[in-house]
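# Analysis of the macromolecular model
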Amino acid sequence: MKHYFLGLAANYSLGERIIHTFAVGTKRDCENLAAGLEKKYRGKAILCKNGRSALALAFKAYFEPGDGVIVNGFTCYAVYEAIKAAKLVPVFADISKDDLNYSIKTLMALDTESEVSRHASSRPSSRGSSLTRSPLVAKCLETSNSCVQIRGIIIQNTLGNPVDIKAVEKFAKEHDLVIIEDLAHCAGMKYRDGREAGTVGAATALSFGKDKSIDTISGGALVLRAPSKHEIKAPEKLPKLSDHLRARFYPLFGITCRGLSYINLGGALMRLLIKIHWVEKSADNSLDLERKPSKFEAKLALKQLKSLRASKMPLREFYLVEDRLKLLKELKKAGFYLDGFWYERPVSPRRYYNKVHFPEEKCPNATFVAEHIVNLPRHYKEVKLAPARKIIKKYLIEEGK
Ligand SMILES: *Cc1c(COP(=O)(O)O)cnc(C)c1O
């Protein structure tokens, strides 16, 4: 029996695939989803085309073009795209190998760096009371001479591992940073102090994309929790028909490819579907600030929102391994197709990485982790995970070596 750990809506049961294909949503379902989000995250909800569009709207609501925003140095291109769409400057903070999040240590390193350039920045803090708060300044990587004022920080809780929320909040307060929580990996997660992810920052962005903690193939939402600086326009247009159909049929295409893989044709069919644009790779889902999700997605997302459990976290379990290529080959032989793990580059996927100008020398851990990580989605039953774990264990990087 072959196992497939990636893509193809592997987290969907057959019943869920059928429900997804034939689900009918109404305007009422959209209103209900917005109301559900507002109740849970206590703010004003806006439904969006996807997670990156929600993030971009959040940035437009709280920042000015040219502001710097701290990003986890191990992330998805979607986040970078949203930062660029709002004309902000990403400031990558290196991660810890233990939880794949920036740590207070790496945040402090940004602070030390900004000691040097602090006085070079001319723009004063707009939120006043700068007596107790020290602004953070970073070198702008793309225009190497100028400086940017850092005004915000994105909390990602990578793969559903919580950041040290107390420390991050304190850091944000000290430097007058607006916190944006990105729940793509961690909807339903609890921080160590008991608060739920999405109830801490000024805004909370959700993705309902493939393999995310709420997964309706596409869709997203933003909850504005604090009064915004700029008014933003909620998306009003319906999704494009082509996007709607792609999201609608993906789970069926997925199971068809999976079935055909028994006679070794699954890969070929998937490549064909991608080529004729009936299937879109997740990273290619385009940012669009004017479009809403499909109504049926809103209906299904609400159902999942209601059944989020902290016990389902983390979303994926990760391992750092030596000789990943060899490991992936061995896994494949045993029926585990793991090569689309999160993430193969510090800003993933590989095909967009060169656009990012990622500061590898400043983020050695993220660079190392991207070369050595594999991870397993946790929605599989233990009996299915166990053999894959056993193979992975042989390749683990031993501490202190
Ligand atoms: C996937 C992802 C998003 C948003 O993705 P969309 O495809 O735009 O819904 C945002 N942040 C992170 C960390 C992600 O992995």
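Remember, it's a predicted structure, so these values are computed and weren't measured experimentally.

Calculation notes
- Residues numbered from 1 in each chain as written.
- Predicted model: local features only at pLDDT ≥ 70, side-chain atom pairs only at ≥ 80, totals over all residues.
- Heavy atoms only, no water.
- 1 Å grid on protein atoms, 1.4 Å probe; cavity = no way out; pocket = protein on both sides within 12 Å on 5 of 7 lines; lining within 4 Å.
- Points joined across faces, edges and corners; volume = space filled by probe spheres on them.
- Helix = DSSP H or I, 4+ residues; strand = E, 2+ residues; numbered from the N terminus.
- Nonpolar A, V, L, I, M, F, W, Y, C, P; charged D, E, K, R; others polar.
- Buried < 20%, exposed > 50% of the residue type's maximum accessible area, 1.4 Å probe, protein only.
- Pairing = 2+ DSSP bridges.
- Salt bridge = Lys/Arg side-chain N within 4 Å of Asp/Glu carboxyl O.
- Core = buried A, V, L, I, M, F, W, Y, C linked by side-chain atoms within 4.5 Å.
- Contact = heavy atoms within 4.5 Å.
- pLDDT = per-residue confidence, 0-100.
- Arc of directions from axis to C-beta.

## Some thoughts on the layout of surface pockets
There is about 880 Å³ of room inside the second largest pocket. Lining the second largest pocket we find 30 residues, and of these Asn11, Glu16, Gln304, Lys312 and His379 sit closest to its centre. Breaking the lining of the second largest pocket down by element, the ones donating at least two residues are helix H1 (14–22) and helix H9 (295–306). Its residues placed into classes, the lining of the second largest pocket shows eleven nonpolar, eight polar and eleven charged.

## Details of unusual backbone geometry
Cis geometry is found at the peptide bond from Trp342 to Tyr343, where omega equals -5 degrees. Looking at the secondary structure, you find Tyr343 in the loop between strand S12 (336–337) and strand S13 (347–348). Geometrically, the link from Ser348 to Pro349 is a cis peptide bond, its omega value of 5 degrees lying close to zero. By secondary structure assignment, the location of Pro349 is in the loop between S13 and helix H11 (350–353). In this structure, Leu100 is a non-glycine residue whose phi angle is positive, near 65 degrees.

## Brief notes about the pairing of strand S8 (residues 178–182)
A regular strand carries its side chains on alternate faces of the sheet. The buried fraction of S8 is high, at five of five residues. Neither face of S8 is open: one carries Val178, Ile180 and Asp182, the other Ile179 and Glu181, and all of them are buried. By the bridge criterion, four bridges tie strand S7 (residues 147–155) to S8 in an arrangement that is parallel. For Ile154, the partnering residue across the bridge sits in S8 and is Ile180.

## Side note on the pattern of salt bridges
Throughout the structure, instances matching the rule amount to 18 salt bridges. With a closest N to O distance of 2.8 Å, Arg195 and Asp193 form a salt bridge. Since its relative accessible area comes to 30%, Asp193 is described here as partly exposed. Across the salt bridge formed by Arg389 and Glu317, the nearest N and O atoms sit 2.7 Å from each other. Taken together, the residues Arg389 in helix H13 (residues 382–393) and Glu317 in strand S11 (residues 316–320) connect sequence positions 72 residues apart. We classify Arg389 as buried; its relative accessible area is 16%.

## A closer look at the nonpolar core
Core analysis: the largest hydrophobic core is formed by 70 residues, its most contacted members being Phe59, Tyr62, Phe74, Ile180, Leu222, Leu331 and Ile392. With eight residues, helix H3 (residues 51–62) is the single largest residue contributor to this core. Aside from chain neighbours lying at most four places away, what touches Leu331 is Phe336, Leu338, Ala388, Ile391 and Ile392. By size, the runner-up hydrophobic cluster in this structure holds 45 residues, among which are Leu47, Val89, Val163 and Ala221.

## Here we look at the confidence of the model for the chain
Per-chain confidence: the chain averages 92 in pLDDT, with 93% of residues scoring 70 or above. Considering only residues more than four positions removed or in separate chains, one finds that residues 122–131, a stretch of pLDDT under 50, has 14 contacts.

## Overview of H1
For H1, the set of buried residues is Arg17, His20 and Thr21. Considered in projection along H1, the buried side chains sweep an arc of 95 degrees and stay on one side of the axis.

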